[in-house]
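Structural features, examined
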Amino acid sequence: MRYARVAVGGQAVWGRVGERDIELLSGSPLEGTGIDVVGTVPREGAHWLPPVVPPVFYAVGLNYPRHIAHAGVPTPERPEVGYRANNALTGHLTPIVKPAEVTGRFEAEPELVAVIGRTLRHATHDQARKAVFGWTVGNDISARTWQHQDRTLWRGKNSDTFKPMGPWIETDVDALAQTTTLRVNGVTRAEFATGDMVFDPYDYIVEITRHITLHPGDVLWMGAESVCPLEPGDTVEVGISGIGTLSNPVHLEGNDS
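What you see is a predicted model, and the numbers here were worked out from it, not measured in a lab.

**Observations concerning the overall build of the chain**
From N to C terminus, the chain includes 4 helices and 20 strands. Burial analysis of the chain (257 residues in total) assigns 52% to the buried set. Mean positive and mean negative side-chain charge positions of the chain (22 and 31 charges, respectively) differ by 3 Å.

If you want it as structure tokens, here you go:
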């Protein structure tokens, strides 16, 4: 099943995504039962929102062997997570805005995203698997000069529109058996086995819940094998087979296109 959030009449509405239409729902599928279909809208022309606004936005750093080798750092010995800011989220087909004062490398990283579906603390690996409601696609935009100038990642990773996510949540897929592809202006710039991770999502969930309670709607971005430079005027697509393709144009701040 595919679930999304779309804007209808200026309001965010959950929907169940079909081949041509989106069935609008009376509530969030993360809430469980008692949800009714209250209308439909065509998929074509839909205003896609981030498929979930997480209570907590978790993000993995270096988690793919080739990316670690390229960075020239030791392989992590245990799963550790960081955090990102919800203000950075934007949806499918909406612009990534490069701030006018950004100089240097401005890059995309294609990432698998796990969406948590139940409250969880001190989880086993099996409980961690069962706690994942579904999977979506993320594009981790980074302004590297800011990332290296600041003591934290507050600008370089968390500026507005720096975390496109979507277009929907897929609940029926073996996410770790898929292929992740990054395209810029229709040209493939990276492709890798999605599951070729140092630690898988369930390892991270087990580690997180040793110390922190996970809640429905929390998300966990799983890192990327490759990065790719972007410029205003580009269109960047992140596709994960079996899940979907997230597409966003890149605009320069102050320009409408």
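**Remarks on the pairing of strand β14 (residues 163–170)**
Buried residues dominate β14, accounting for 8 of its 8 residues. Pairing geometry for strand β8 (residues 89–90) and β14, over 2 bridges, is parallel. The residue bridging Leu89 from the neighbouring strand is Lys163, located in β14. Where strand β12 (residues 132–139) and β14 come together, 3 bridges link them in antiparallel fashion. Paired with Gly138 across the two strands is Met165, which belongs to β14.

**Observations concerning the sheet that holds strand β18 (residues 228–229)**
If you walk across this open sheet you meet the 3 strands as β13-β10-β18, and the pairing is antiparallel. Across the chains shown, the open sheet's two edge strands, defined by having one partner strand only, are β13 (142–143) and β18. As judged from the 2 bridges shared by strand β10 (residues 106–108) and β18, these two strands associate in the antiparallel manner. Looking at β18, one finds that Glu107 is bridged to Pro229.

**With respect to the nonpolar core**
Core analysis: the largest hydrophobic core is formed by 45 residues, its most contacted members being Phe106, Trp135 and Leu220. The element contributing the most residues to this core is helix α4 (residues 201–209), with 4 residues. Grouped together as the second largest cluster of nonpolar side chains are 14 residues, Tyr3, Trp14, Leu25 and Leu89 included.

**Structural notes on the pattern of salt bridges**
In total, this model carries 15 salt bridges according to the counting rule given. For Arg78, the salt bridge identified is with Glu80, shortest N-O distance 3.7 Å. Residue Arg78 is classed as partly exposed on the basis of its relative accessible area, which comes to 45%. Taking the shortest distance from any N to any O, the salt bridge between Lys98 and Glu231 comes out at 3.8 Å. In this pair, Lys98 is assigned in strand β9 (residues 96–98) and Glu231 in the loop between β18 and β19 (235–240), connecting sequence segments 133 residues apart. For Lys98, a relative accessible area of 9% translates into the label buried.

**As for the pairing of strand β1 (residues 2–8)**
Across 2 bridges, β1 lies against β14 in antiparallel orientation. Looking at β14, one finds that Tyr3 is bridged to Ile169. Pairing of β1 with strand β2 (residues 11–17) involves 6 bridges; the strand directions are antiparallel. The residue of β2 that forms the bridge with Ala4 is Gly15. The turn joining β1 and β2, which pair antiparallel and follow one another in sequence, is formed by 2 residues; a positive phi near 60 degrees is taken by Gly9.

**A few points about α4**
Counting buried positions over the 9 residues of α4 gives 7, a clear majority of the element. Along α4, the residues classified as buried are Pro201, Tyr202, Tyr204, Ile205, Glu207, Ile208 and Thr209. Packed against the buried residues of α4 are β6 (57–60), β7 (81–83), β11 (110–116), α2 (125–131), β12 and β17 (219–221). Capping the start of α4 is the job of one residue whose side-chain oxygen sits 2.9 Å from the backbone nitrogen of Tyr202: Asp200.

**Quick look at unusual backbone geometry**
Across the junction of Gly166 and Pro167, the peptide omega takes the value 0 degrees, indicating a cis bond. Relative to the elements of secondary structure, Pro167 occurs in strand β14. The backbone of Leu93 shows a phi angle near 75 degrees, a positive value even though the residue is not glycine. Positive phi, close to 55 degrees, is recorded for Asn185, a residue that is not glycine. Within the secondary structure, Asn185 sits in the loop between β15 (179–184) and β16 (187–193).

**What to know about the sheet that holds strand β20 (residues 244–252)**
Taken in spatial order, the 5 strands line up as β9-β20-β19-β15-β16 in an open sheet, and their pairing is mixed. The sheet terminates laterally at β9 and β16, the two strands that pair on one side only. Here the strands of the sheet are splayed against their neighbours by 20 degrees on average, with no regard to which way each runs. Pairing of β15 with β16 involves 6 bridges; the strand directions are antiparallel. Bridged to Val184 within β16 is Val187.

Cut-offs used in this document
Residues numbered from 1 in each chain as written. Predicted model: local features only at pLDDT ≥ 70, side-chain atom pairs only at ≥ 80, totals over all residues. Heavy atoms only, no water. Helix = DSSP H or I, 4+ residues; strand = E, 2+ residues; numbered from the N terminus. Buried < 20%, exposed > 50% of the residue type's maximum accessible area, 1.4 Å probe, protein only. Lys, Arg positive; Asp, Glu negative; His and termini not counted. Charge placed at Lys NZ, Arg CZ, Asp CG, Glu CD. Pairing = 2+ DSSP bridges. Core = buried A, V, L, I, M, F, W, Y, C linked by side-chain atoms within 4.5 Å. Salt bridge = Lys/Arg side-chain N within 4 Å of Asp/Glu carboxyl O. Contact = heavy atoms within 4.5 Å. Polar contact = N/O pair within 3.5 Å; in protein donor to acceptor, adjacent residues only side chain to side chain. Axes fitted to C-alpha atoms, helices over the stretch in contact; angles between N-to-C directions.

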